[in-house]
Amino acid sequence: AKDISDHLLEIFEKKALCQTADYDDEDDLEQDEDELAELDSLLIGATADCVAEFAEVFGDAFETILDAFLPHITGYMKPSFAVSERAMAVGCLAEITKNMGPGITKYAE
């Protein structure tokens, strides 16, 4: 679980290999910034789904993992992010809350 968590955190931090531009590759030069932003948004959304599923698998034990993810997820709730990204963050937190059950109480206070 640690290895998977580390890779998911890399994606939230936009440090994953697939999120770094390879300017030696001509295909990257042909993609416009809007397309790259859309692909990045899809990747982050899928990552949030994985984190929510982790909460279901680990239940109360997810608390230690959530401590690492929570700042990244809530960061997408800022007004400077697109509405779709803010909705993704709210949905992810809702799924985590549902999946963790009583273990989420610490974060609600």
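Just above sits the structure.
Thresholds, definitions, all that
- Sequence order sets the numbering: in each chain, residues are counted from 1 along the sequence as written.
- Residues qualify for local features only when their pLDDT is at least 70, as the model is predicted, and side-chain atom pairs are given and counted only at 80 or more; totals for whole chains, interfaces and linings, by contrast, use all residues.
- Note that water and hydrogens are dropped before the side-chain values are worked out from all heavy atoms of the structure.
- The way it works is that DSSP assigns letters per residue, a run of H or I at least four long becomes a helix, a run of E at least two long becomes a strand, and they are numbered from the N terminus.
- A 1.4 Å probe rolled over the protein chains alone gives each residue an accessible area, and that area as a share of the maximum for its type sets the label: buried under 20%, exposed over 50%, partly exposed in between.
- In what follows, residue pairs with any heavy atoms lying within 4.5 Å of each other are defined as contacts.
- To count toward a patch, a residue needs a relative accessible area above 30% and no salt bridge. Like charges then connect within 9 Å, nonpolar side chains (Val, Leu, Ile, Met, Phe, Trp, Tyr) within 5 Å.
- To be clear on the numbers: accessible area is Shrake-Rupley with a 1.4 Å probe, and residue cover counts the displayed protein chains and nothing else.
- Salt bridges are defined as contacts in which a side-chain nitrogen from Lys or Arg sits within 4 Å of a carboxyl oxygen from Asp or Glu.
- Positive charge is attributed to Lys and Arg, negative charge to Asp and Glu, and no charge count is given to His or to the chain ends.
- One atom stands in for each charge, and that atom is NZ of Lys, CZ of Arg, CG of Asp or CD of Glu.
- Regarding the arc, it is the one traced by the directions from the helix axis to the C-beta atoms.

(A) Layout of the overall build of the chain. Helices and strands together make up the secondary structure of the chain, namely six helices and zero strands. Ordered by position from N to C terminus, the α and β elements of the chain give α-α-α-α-α-α. Counting the 109 residues in the chain, one finds 31% classified as buried. The contacts of the chain with a sequence gap of at least 6 include a subset with a gap of at least 24, amounting to 65%.

(B) Structural context of a negative patch on the surface. There is a patch of like negative charges on the surface, built from Asp32, Glu33, Asp34, Glu35 and Glu38. In this structure, Glu38 sits in helix 3 (residues 33-58). Note on Glu38: relative accessible area 53%, which makes it exposed.

(C) Examining the pattern of salt bridges more closely. Per the stated rule, a full pass over the model turns up six salt bridges. Salt-bridge contacts for Asp6 lead to Lys2; the nearest nitrogen and oxygen are separated by 3.0 Å. Placement of the pair is Asp6 and Lys2 together in helix 1 (residues 2-12), with a separation of four residues, close to one helical turn. For Lys2, a relative accessible area of 59% corresponds to the exposed category. The shortest N-O distance in the salt bridge between Glu95 and Lys98 comes to 3.4 Å. Highlighted residues: Glu95 and Lys98, both in helix 5 (residues 83-100), separated by three residues, approximately one helical turn. Of the residues examined, Glu95 reaches a relative accessible area of 32% and is grouped as partly exposed. Put simply, Glu63, Asp67 and Lys106 are held in one network by salt bridges that share partners.

(D) Examining helix 1 more closely. Buried within helix 1 we find Ser5, Leu8, Leu9, Ile11 and Phe12. Looking straight down helix 1, one finds that the buried residues subtend no more than 155 degrees of arc, so they occupy a single side. Of the surrounding secondary structure, the elements contacted by the buried residues of helix 1 are helix 3 and helix 4 (63-75). Phi for Lys14, located one or two positions after helix 1, is positive at around 60 degrees.

(E) Here's a closer look at the environment of Leu36. Tracing the sequence through the fold places Leu36 in helix 3. Among the residues examined, Leu36 registers a relative accessible area of 39% and is labelled partly exposed. A sequence separation of 17 residues divides Leu36 from Gln19, and the C-alpha atoms of the two residues are 8.9 Å apart.

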